[in-house]
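# A closer look at the structure
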Amino acid sequence: MPELPEVESTRRGIERAALGQRIRELRIYDPRLRWPVDPQMPAQLRAQRIVAVGRRGKYLLLQLEHGTVILHLGMSGSLRILEADAPRLKHDQFELLLESGLSLRLNDPRRFGSLHYTTADPAQHKLLRSLAPEPFEPEFSADYLYRITRARRAAIKQVLMNGRLVTGVGNIYASEALFRARISPRRGARRLSRADCVRLVRAVRAALNAAIRAGGTTLRDYVGTDGNPGYFRQRLYIYERAGRPCRVCGTVVRRIRQGQRSTYYCPHCQR
Ligand SMILES: [Zn+2]
């Protein structure tokens, strides 16, 4: 599943290719996404200029002159920047043709992605209005983390991945952040001290930022080709390293299951 760094890297790639461009045409190849794509959208978007490319959680926001396109990559979607006449692939759902001759094309085999358009304030859209704070917003502070963890018996990793409390921290970066903060993923959330919360907030941002920086580089290579930004595992400290030595202390990295997801941690560095 694309996590926040992949979505942010995609946003930056789209910004380079599409900012200031006028939309020539929206072509819908298969409207059966998570919600059916509104058949009015091609007429609504035609000839509008893209004035900003933003993001809220894992939603990409293309701000147009008269409204906003809200796009989600779902579980398996990737948005590629292609020449408009590049051959179509199986699972290409739609493409946005730009006046430059480039096109933004969504390929989404599992069709959990989504495409909406609103002329109202996008922050009030039903998909966005109840999103929890995301790691780069000031609301996601040590005080906030301390407050929301007081009454929670669940393990801290589960709390970090709870989308009602924090937006956009998925399985990979929850493991990475906890390693960076030297906190065991199994620790009860309410056992975190204030100092733990300070370290963890910093660690979440650092883990995401490292991936975004790596992804930016990867994305430049893939823009204009038939690629996928993928995951940036070359920069990961702990994720998928079970049985191998911890990069810090050499202890064997362990893998456990938490809520049907794999968690990786160092039993020596993380307490
Ligand atoms: Zn270690």
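Residues numbered from 1 in each chain as written. Predicted model: local features only at pLDDT ≥ 70, side-chain atom pairs only at ≥ 80, totals over all residues. Heavy atoms only, no water.

## Here's the deal with the coordination of the zinc ion
- Ligation of the zinc ion by protein atoms is provided by Cys246 (SG), Cys249 (SG), Cys266 (SG) and Cys269 (SG), these donors lying 2.2 to 2.4 Å from the ion.
- Coordination at the zinc ion comes from four donor atoms whose angles at the metal span 101 to 113°, giving a geometry best classed as tetrahedral.
- The motif formed by the donor residues of the zinc ion, counted along the single chain, is C-x2-C-x16-C-x2-C. Placement of the pair is Cys249 in the loop between helix H6 (194–222) and strand E9 (254–258) and Cys269 in the segment after strand E10 (261–265), with a sequence separation of 20 residues.
- A residue is classified by how much of its surface remains accessible, and Cys249, at 34% relative accessible area, is partly exposed.
- With a relative accessible area of 16%, Cys269 lands in the buried category. (Donors = N, O, S within 2.8 Å, 3.2 Å for Na, K, Ca; no water. Tetrahedral: all angles 85-135°; square planar, octahedral: opposite > 155°, others 65-115°. Helix = DSSP H or I, 4+ residues; strand = E, 2+ residues; numbered from the N terminus. Buried < 20%, exposed > 50% of the residue type's maximum accessible area, 1.4 Å probe, protein only.)

## Quick word on the sheet that holds strand E7 (residues 102–107)
- The strand order across the open sheet formed by four strands is E1-E6-E7-E5, and the pairing between neighbours is antiparallel. In this open sheet, the two strands that pair with only one neighbour each are strand E1 (23–28) and strand E5 (78–83). Sheet twist, expressed as the average angle between the axes of neighbouring strands with direction ignored, equals 20°.
- Where E1 and strand E6 (residues 92–98) come together, five bridges link them in antiparallel fashion. Considered in E6, the bridge of Leu26 is made with Leu96. (Pairing = 2+ DSSP bridges. Axes fitted to C-alpha atoms, helices over the stretch in contact; angles between N-to-C directions.)

## Here we look at the confidence of the model for the chain
- When pLDDT is averaged along the chain, the result is 90; 92% of the residues meet or exceed 70.
- Within the chain, the lowest mean pLDDT, 80, falls on H6, and the highest, 98, falls on helix H3 (residues 142–149). (pLDDT = per-residue confidence, 0-100.)

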